[in-house]
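Observations on the three-dimensional arrangement
The primary structure of each chain is shown beneath.
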Amino acid sequence: MKTVKADEAGLKAAAEIIRKGGVAIYPTETVYGLGCAPHDAEATKKILQIKERQEKPLPLICSNTEMVQKIVQMNPTAEKLATKFWPGPLMLVLPKKMDYPVYVTFGKKTLGVRVPGLEVSRRLTELSGGVLVSTSANKSGQPPALTAKEAIDKLGGRVDVVVDGGPSQGQKPSTVLDLSGSEMWIARSGPITGNMIMEALRG
């Protein structure tokens, strides 16, 4: 396991490991994330094993909205919310355009995507190919990690690279809003509240 700083040299080193099939711990604006290249079946399978996660789809982050539009079908509601809250802690669940391994989607026709608010996260994603798996760096059911050391302790050091960006600024994972059906619903509460979402849509 290699630990790097959250500077340009460190991010390039981490991205090279990710591109070669590695699994990374890295900071986001909410909590520390655990990620890999989403098209790499072995890496995505390893993430599920590390987290001891059951058959539950893996969320993704993208370097920018243009990349999001390549992997999911955006609708007018999604576009309005993306303009208001991205980059930021709002994950949108939308119909997928891109096919990823079963360990990412588990047969679902949707993907959860967002553009993270932390520049370090966006830059790492950009250097790694534009899209990264971004699940919280903890075993399923445990509280999320707020520092790199905490993430390493929770996951037993079973990753290939750790990007240490200091303590995370957030306290809880992103809000997850499902826009894939006829009605939208909040699948996970987070920093972006239902009232904030409704206000943005009225504006």
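In this report, the structure presented in the accompanying data block is examined. (Residues numbered from 1 in each chain as written. Predicted model: local features only at pLDDT ≥ 70, side-chain atom pairs only at ≥ 80, totals over all residues. Heavy atoms only, no water.)

Comments concerning the sheet that holds strand β2 (residues 24–26)
Reading across the sheet, the 5 strands line up as β1-β9-β2-β3-β8 and stay open at both edges, with mixed pairing between neighbours. Both outer strands of the open sheet, β1 (2–5) and β8 (135–136), are each paired with one neighbouring strand and no more. Inspection of the sheet shows β2 paired to strand β9 (residues 161–164) by 2 bridges, in the parallel sense. When the sheet's bridge partners are listed, Ile25 is paired in β9 with Val162. (Pairing = 2+ DSSP bridges. Helix = DSSP H or I, 4+ residues; strand = E, 2+ residues; numbered from the N terminus.)

Regarding the pattern of salt bridges
One side chain can pair with another of opposite charge once the charged atoms of both are near each other. Tallied over the full model, the rule gives 10 salt bridges. Arg123 is the partner of Glu8 in a salt bridge, and the nearest nitrogen-oxygen pair spans 2.5 Å. Of this pair, Glu8 sits in helix α1 (residues 8–19) while Arg123 sits in helix α6 (residues 119–127); the two residues are 115 residues apart in sequence, bridging distant segments of the chain. Judged by relative accessible area, which is 34%, Glu8 ranks as partly exposed. Lys46 serves as the salt-bridge partner of Asp160, at 3.4 Å between the closest nitrogen and oxygen. Linking Asp160 in the loop between α7 (148–155) and β9 with Lys46 in helix α2 (residues 41–51), this pair joins segments that are 114 residues apart in sequence. According to the relative accessible area criterion, Lys46 is partly exposed, its value standing at 26%. Overlapping salt bridges, with partners in common, bring together Glu8, Lys12, Arg123 and Glu126 in one network. (Salt bridge = Lys/Arg side-chain N within 4 Å of Asp/Glu carboxyl O. Buried < 20%, exposed > 50% of the residue type's maximum accessible area, 1.4 Å probe, protein only.)

Observations regarding the pairing of β9
Taken together, the 4 bridges between β1 and β9 define a ladder with parallel strand orientation. Within β9, the residue paired with Val4 across the bridge is Val163.

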